[in-house]
Amino acid sequence: MVIDGAKGIEPRTRKLFEVCRLRDIPIITFINKMDRESRDPFDLIDEIEKTLALDAAPITWPVGRGRDFVGTIDVESGGVRLLDGDAGSGGRLREMSLATIAALNSNLNAATLGGELDLVRQACKRFDPLAFAEGHMTPIFFGSALKNFGVGDLLNALADLAPPPRTQAADKRVVSATELGMSAFVFKIQANMDPNHRDRIAFVRLCSGKLTRGMKVKQARTAKAMSLRAPQFFFAQDRALAEEAYAGDVVGIPNHGTLRIGDTLTEGEDINFVGIPNFAPEILRRIRLPDAMKAKKLKRALQELSEEGVAQVFRPTDGSALLVGVVGPLQLDVLKARLFAEYALEIDWSTPEFQFARWIAADNRKMIDRFATSYPSAIAEDFDGDLVFLARTAFDLEYTGEHNGDITFSDVKDIHRRKQRV
Ligand SMILES: Nc1nc2c(ncn2[C@@H]2O[C@H](COP(=O)(O)OP(=O)(O)OP(=O)(O)O)[C@@H](O)[C@H]2O)c(=O)[nH]1
Ligand SMILES: [Mg+2]
């Protein structure tokens, strides 16, 4: 995970973390933007440990803050990497005394620096590969992405520490990474990456076997066959045709809305990978569309953008206007800008009477239906047709939950347990 040194753990970082924890994925941490004014590193470490319940083991430590940031020290060996001279490097460390480092900048002081390093070595945990592999501990690297500083350390850590692809759970069985048959699941959809072509890429992660360009695969959800004519590898701004890919690889598949997040692709077997979560939004808004003639277009645009995961859309069953749910306020600006740029739709937000949307689960469909009938003006459907309860306040949510013992409210939906209403 990448943490902005000035901001600490942002809501989306937290979501990412929760997905990792749910799937037992080990985490490497890069604390970025050390060339700018940032929060105290001890404070950031403390925040990681306290809010994520994750042990933090600094591998490097920043020397100087903000404009006085001159580089990092390798906590274990004392080796140094300098912003001026070692940017872009992930290779050998310099041997330098604290006095020599401190002499690089008049605001640095060798004694203070030494004291800080002593504190890091005494107070912070040491890196333990086993705890890392089990997801209890994260190694921490400091750097500046903008100056390409410390990024080499991060890439080296990825190469050294990243575990091999693991066994993945599917609905009918578990799939081992060493199986020969190709299997993969879609974890992200990105539309309009190339605005001139209105393209739409589904990113899949291979779980087993080998993917070759041109191969025919089966989409488990629809049982339809599709051929992978132009699978692609992405690296930053670059892309290249993927002639072949293996378990653990991430491949982009161009398609026009056929693939959805959570979809499983196989060479024919009928299985669905599980454990791809959907989180309840933290912010709900109503959409106001001044041009009512465009309602249909808006619906299609929202469908596409929600499949992409940009926002979640809820349709109140009483027929009132659509609700949009997002995780962070910035997403509302992004959504509005994209609706305008990509679909020529001008919209406004208004604040609805509801604060929370929670999926409704129960032992059987009857219980959910009974509940939905008792609260007709507080029920909405998501795009899968699963029902959510709309609560006005935290009290409303709690009170309603307590008075309806046979149902539970959930703020996470496992995409493949989406049909709770069997
Ligand atoms: N000084 C400095 N700026 C950086 C660094 N990394 C990214 N930025 C800048 O910070 C701005 C926001 O980038 P990021 O925070 O990486 O991207 P983001 O989190 O998607 O965007 P925000 O929501 O605006 O934070 C951009 O203008 C980047 O160029 C860095 O290491 N140092
Ligand atoms: Mg940022």
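From a predicted model like this one, the values you see are computed outputs, not experimental measurements. (Residues numbered from 1 in each chain as written. Chains lettered and ligands numbered in written order. Predicted model: local features only at pLDDT ≥ 70, side-chain atom pairs only at ≥ 80, totals over all residues. Heavy atoms only, no water.)

Participant: I tried to follow helix α11 (residues 394–402) on my own but got confused; where do I start?
Facilitator: Along an α-helix, residues three or four apart share an orientation, since each turn contains 3.6 residues. Of all the residues in α11, the buried ones are D396, L397 and T400. Down the axis of α11, the smallest arc covering the buried residues is 100°, so these residues share one side. Structural note: α11 exposes F395, E398 and E402 on the side pointing more than 90 degrees away from its buried face. Those residues of α11 that are buried are in contact with β25 (356–362), α10 (365–374), β27 (387–391) and β28 (407–410). (Buried < 20%, exposed > 50% of the residue type's maximum accessible area, 1.4 Å probe, protein only. Helix = DSSP H or I, 4+ residues; strand = E, 2+ residues; numbered from the N terminus. Arc of directions from axis to C-beta. Contact = heavy atoms within 4.5 Å.)

Participant: It is not clear to me how the nonpolar core should be interpreted in this structure. Could you clarify?
Facilitator: Nonpolar side chains tend to gather and get buried jointly when the protein is soluble and globular. I31 and I48 are the most contacted members of the largest nonpolar core, which totals 33 residues. Elements represented by at least two residues in this core include exactly α1 (11–22), α2 (41–52), β4 (60–63), β6 (80–82), α4 (98–102), α5 (110–123) and β7 (137–142). Broken down by element, the residue count for this core peaks at four residues, all from α2. Discounting residues that sit within four places of it in the chain, I31 has contacts with I3, G5, L44, I48, I140, F141, F142 and G143. (Core = buried A, V, L, I, M, F, W, Y, C linked by side-chain atoms within 4.5 Å.)

Participant: Help me out: how do you make sense of helix α9 (residues 329–343) in this one?
Facilitator: Between its terminal C-alpha atoms α9 stretches 21 Å, which fits the 21 Å expected from 15 residues at 1.5 Å a residue. Buried residues of α9: L332, L335, R338, L339, E342 and Y343, and no others. In an axial view of α9, the angular spread of the buried residues amounts to 135°, which keeps them on one side of the axis. Residues of α9 that are exposed and angled more than 90 degrees away from the buried face: P329, L330, D333, F340 and A341. Each element contacted by the buried residues of α9 is listed here: β10 (183–191), β21 (283–288), α8 (295–307), β23 (323–326) and β24 (348–350). A positive backbone phi angle near 55° is found at A344, which sits one or two residues after α9. (Expected span 1.5 Å × (residues − 1).)

Participant: Please explain the layout of surface pockets as it appears in this structure.
Facilitator: To find the voids left in a structure, one rolls a probe of water-molecule size over its atoms. Its boundaries defined by the atoms lining it, the second largest pocket holds a volume of some 260 Å³. Lining the second largest pocket, in full, are A57, P58, I59, D74, V75, E76, V120, R121, C124, K125, R126 and F127. Listing elements by their share of the lining of the second largest pocket, those giving two or more residues are β3 (55–58) and α5. (1 Å grid on protein atoms, 1.4 Å probe; cavity = no way out; pocket = protein on both sides within 12 Å on 5 of 7 lines; lining within 4 Å. Points joined across faces, edges and corners; volume = space filled by probe spheres on them.)

Participant: Honestly, the packing of aromatic side chains in this entry has me stumped. Any pointers?
Facilitator: How two aromatic rings sit relative to each other is set out by the distance from centre to centre and by the angle between their planes. Across all of its chains, the model carries twelve aromatic pairs by this definition. With centroids separated by 5.7 Å and ring planes inclined at 50°, the aromatic side chains of F127 and F132 adopt a geometry described as tilted. The rings of F371, Y375, F389 and F409 are connected pair by pair, giving a single aromatic cluster. (Phe/Tyr/Trp six-rings, centres within 6.5 Å; stacked < 30°, edge-to-face > 60°.)

Participant: Can you help me understand the site of ligand 1 in this one?
Facilitator: Around ligand 1, the neighbouring residues are K7, R12, N32, K33, D35, R36, S144, A145, L146 and L330. Within the side chain of S144, one N or O atom sits 3.1 Å away from an oxygen atom of ligand 1. Across the complex, the protein chains shield 55% of the 620 Å² of accessible surface that ligand 1 would expose by itself. A class-by-class count of the residues in the shell around ligand 1 yields three nonpolar, two polar and five charged. (Near = heavy atom within 4 Å. Polar contact = N/O pair within 3.5 Å; in protein donor to acceptor, adjacent residues only side chain to side chain. Areas by Shrake-Rupley, 256 points an atom, 1.4 Å probe, with all protein chains shown as cover. Nonpolar A, V, L, I, M, F, W, Y, C, P; charged D, E, K, R; others polar.)

Participant: Any chance you could explain the sheet that holds strand β1 (residues 2–4) here in plain terms?
Facilitator: Neighbouring strands of a sheet are bound in pairs by backbone hydrogen bonds; such pairs are parallel or else antiparallel. Across the sheet, which stays open at both edges, the four strands sit in the order β1-β2-β7-β3 with parallel pairing between neighbours. Whereas interior strands pair on both sides, the edge strands pair on one side only; in this sheet they are β1 and β3. The mean inter-strand angle of the sheet, taken between neighbouring strand axes irrespective of direction, is 30°. (Pairing = 2+ DSSP bridges. Axes fitted to C-alpha atoms, helices over the stretch in contact; angles between N-to-C directions.)

Participant: Is there a simple way to think about the pairing of strand β13 (residues 216–219) in this case?
Facilitator: Put simply, side chains in a regular strand alternate between the two faces of the sheet. Along β13, the buried face is formed by V217 and Q219; none of K216 and K218, which line the opposite face, is buried. Bridge count for β13 against strand β14 (residues 224–227) is four bridges, and the pairing is antiparallel. The partner of V217 across the bridge, within β14, is M226. Connecting β13 to the antiparallel partner β14 that follows it, the hairpin turn spans four residues, and A223 within it adopts a positive phi of roughly 65°. Pairing geometry for β13 and strand β19 (residues 264–266), over two bridges, is antiparallel. From the neighbouring strand, Q219 faces β19, where its bridge partner is L265.

Participant: Sorry if this is basic, but what is going on with the domain arrangement of the chain here?
Facilitator: Interfaces are often sized by the accessible area lost when the parts come together. Taken domain by domain, the chain holds domain 1 (2–161), domain 2 (168–266) and domain 3 (278–417). Between the C-alpha centres of domain 1 and domain 3 the distance comes to 39 Å. Between domain 1 and domain 3, the residue contacts involve four residues of the former and four residues of the latter. Considering only the surface of domain 1 that becomes buried against domain 3, P11, K15 and E18 emerge as the three largest contributors, covering 78% of it. Where domain 1 packs against domain 3, one counts zero salt bridges. Our enumeration of links across domain 1 and domain 3 arrives at zero residue pairs in polar contact (both at pLDDT 80 or more). (Domains from an automatic or database assignment. Buried area = accessible area lost by both parts, 1.4 Å probe. Salt bridge = Lys/Arg side-chain N within 4 Å of Asp/Glu carboxyl O.)

Participant: I would appreciate a short explanation of the packing of α8 against α9 in the present structure.
Facilitator: Axes are the key here: two packed helices are described by the angle between their axes and the distance separating the axes. Running from amino to carboxyl end, α8 crosses α9 at an angle of 120°, the nearest separation of the two axes being 11 Å. When the axis of α8 is compared with that of α9, the two are oblique. Considering only the axes of α8 and α9, their crossing is right-handed. On α9, the residues touching K297, L298, R300, A301, E304 and L305 of α8 are L335, R338, L339 and Y343. In terms of residue class, the contact of α8 with α9 is built from six nonpolar, no polar and four charged. (Parallel < 35°, antiparallel > 145°, perpendicular 65-115°, else oblique. Left-handed = near helix turned anticlockwise from the far one by under 90°.)

Participant: I would appreciate a short explanation of the environment of L335 in the present structure.
Facilitator: Relative to the helices and strands, L335 is located in helix α9. A relative accessible area of 0% places L335 in the buried class. For the pair L335 and K7, spaced 328 residues apart in sequence, the C-alpha separation works out to 23 Å. Not counting the four nearest positions on each side in its chain, L335 is found in contact with L305, V310, A311, V324 and W349.

Participant: Quick question: what am I supposed to make of the sheet that holds strand β5 (residues 71–74) here?
Facilitator: Pairing in this open sheet of three strands is antiparallel, and the strands run β4-β5-β6 from one edge to the other. Looking at strand neighbours, the two that pair on one side only are β4 and β6, the edges of this open sheet. Sheet twist, expressed as the average angle between the axes of neighbouring strands with direction ignored, equals 25°. Relative to β6, β5 runs antiparallel, the two sharing three bridges. Counted as the bridge partner of I73 is V80 from β6. Against the sheet, α5 engages β4 and β5, with an angle of about 155° to β4.

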